[in-house]
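Structural features, examined
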Amino acid sequence: MNISTTSPSSSLFPPLTLATLLTAVLAGFAADVTWEFWARILTPFWVGGPLQPAALVQSVFGFQNWFLAEAIHAFVGIVAYPLGYLFVARPIARTLTPFLPWWVVGIGFGIGLWVFALYVMAHIFAGLPPFLGFGQLAWASLVGHVLFGIVAAGIVRWRGA
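Here the structure is a predicted model, which is why all the values come from computation and not from measurement. (Residues numbered from 1 in each chain as written. Predicted model: local features only at pLDDT ≥ 70, side-chain atom pairs only at ≥ 80, totals over all residues. Heavy atoms only, no water.)

**Brief notes about the packing of helix H3 (residues 66–96) against helix H5 (residues 136–159)**
As a reminder of what qualifies: Axis geometry follows a simple rule: fit a line to the C-alpha atoms, using only the stretch in contact for helices, then measure angles between N-to-C directions, giving values from 0 to 180 degrees. Runs of E in the DSSP output that reach at least two residues are strands. Runs of H or I that reach at least four are helices, and both are numbered from the N terminus. Here the angle decides the label: under 35 degrees means roughly parallel, over 145 means roughly antiparallel, 65 to 115 means roughly perpendicular, and every other value means oblique. Every residue pair with non-hydrogen atoms within 4.5 Å of one another is taken to be in contact. Just so you know the grouping, Ala, Val, Leu, Ile, Met, Phe, Trp, Tyr, Cys and Pro go in nonpolar, Asp, Glu, Lys and Arg go in charged, and all remaining residues, Gly too, go in polar.
Axis separation between H3 and H5 bottoms out at 11 Å; the angle between their running directions is 70°. One finds that H3 runs roughly perpendicular with respect to H5. Between H3 and H5, the residues in contact are Gly77, Tyr81, Tyr85, Leu86 and Arg90 and Phe148, Ala153 and Val156, respectively. Classifying every residue of the contact of H3 with H5 gives six nonpolar, one polar and one charged.

**Some points on the layout of surface pockets**
The cut-off we apply is this: Each cavity reported here is a set of points on a 1 Å grid over the protein atoms alone in which a 1.4 Å probe fits but cannot get out, each pocket an open set with protein on both sides within 12 Å along at least five of seven lines, and each lining residue one with an atom within 4 Å of a point. Grid points are joined across faces, edges and corners, and a volume is the space filled by probe spheres set on the points.
Estimated volume of the largest pocket: approximately 510 Å³. If you trace the largest pocket, you find 24 residues lining it, with Gln52, Pro53, Leu56, Val57 and Ala117 closest to the centre. Among the elements that make up the lining of the largest pocket, the one with the highest residue count is helix H2 (residues 53–61) (seven residues). For the lining of the largest pocket, the per-class residue count stands at 19 nonpolar, five polar and no charged.

**Thoughts on the packing of helix H1 (residues 18–47) against H5**
As a reminder, the rule being used: Two helices that cross are described as forming a left-handed crossing if the nearer one is turned anticlockwise from the farther one by less than a right angle, and a right-handed crossing if clockwise.
One way to put it is that H1 packs onto H5 with a least axis distance of 8 Å and a crossing angle of 150°. In terms of axis orientation, H1 runs roughly antiparallel to H5. Our pair here, H1 against H5, has a crossing hand that is right-handed. Each residue belonging to the contact of H1 with H5 can be placed in one class, and the counts come to 20 nonpolar, eight polar and two charged.

**Examining unusual backbone geometry**
What counts here: Each residue gets one of three labels from its accessible area relative to the maximum for its type: buried under 20%, exposed over 50%, partly exposed in between, using a 1.4 Å probe on protein chains only.
Backbone geometry at Phe131 places phi at a positive 50°, although glycine is not the residue there. For Phe131, the location among the structural elements is in the loop between helix H4 (102–125) and H5. The exposure class assigned to Phe131 is buried, which follows from its relative accessible area of 13%. For Leu132, which is not a glycine, the phi torsion comes out positive at approximately 50°. For Leu132, the location among the structural elements is in the loop between H4 and H5.

**Topic: the confidence of the model for the chain**
Detailed reading of the predicted coordinates is not advisable wherever pLDDT is low. To keep things clear, this is the line we draw: The predictor attaches a confidence to each residue, called pLDDT, with possible values from 0 through 100.
Of all residues in the chain, 93% attain a pLDDT of 70 or more, and the chain-wide mean is 92. Across the chain, element-level confidence peaks in H5 with a mean pLDDT of 97 and bottoms out in H2 with 91. A low-confidence stretch, residues 1–8 (pLDDT under 50), is modelled with zero contacts involving residues beyond four sequence positions or located in other chains.

**Describing the pattern of salt bridges**
Here is the rule we go by: Take a side-chain nitrogen of Lys or Arg and a carboxyl oxygen of Asp or Glu: if they are within 4 Å of each other, that pair is a salt bridge.
Scanning the entire structure with this criterion turns up two salt bridges. Residues Glu70 and Arg40 are paired through a salt bridge, measuring 3.0 Å at the closest nitrogen-oxygen approach. Linking Glu70 in helix H3 with Arg40 in helix H1, this pair joins segments that are 30 residues apart in sequence. One continuous salt-bridge network, built from bridges that share partners, spans Glu36, Arg40 and Glu70.

**Comments concerning H5**
Stated precisely, the cut-off is as follows: Expected span, for any helix, means 1.5 Å times one less than how many residues it has.
In this model H5 runs 35 Å from its N-terminal to its C-terminal C-alpha over 24 residues, within 8% of the 34 Å that 1.5 Å per residue would give. Looking one or two places after H5, you find Gly160, whose phi comes out positive at around 70°.

**Looking at empty space enclosed by the protein**
One simple way to see leftover space: roll a probe sized like a water molecule over the atoms. The full count for this structure, using the stated rule, is one cavity of 30 Å³ or more. When its volume is computed, the largest cavity comes out at roughly 70 Å³. As for the largest cavity, its lining consists of Asp32, Trp35, His73, Val76, Gly77, Tyr81, Leu113, His145 and Phe148. Contributing elements (two or more residues each) for the lining of the largest cavity: H1, H3 and H5.

Rendered as structure tokens:
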């Protein structure tokens, strides 16, 4: 007799299936579109110009190809970050703070992405000031990353992953 103490819905990690990958890509695509709209359409009204993550990617990797930098940023946003949410951020939240609603976890995930982008990548790897000196670009980036986190978490919740 096989007795299981956990149900699929209470598992810490989602199953490694095509459906999980599809959920990640849908969440990443929707979150990336939201981020891009914020970064390129709305942010210029606040800071006078768009956020340009490709420029950061170029600084980190030391190359000049703008298209490649945009492609790297798109891949990270559409595939890597949502998988990070599913297999790192959400399990940590479920373990340490299971009482938090999905949208708060999404906000925390977005803040974590912002710290990764503007401290780890921009400062440690590209040599720029930490959080770009906390100027308007940094705060606009924070809003964009929080929107990304909320949308990604919302799509994951909607898909029931």
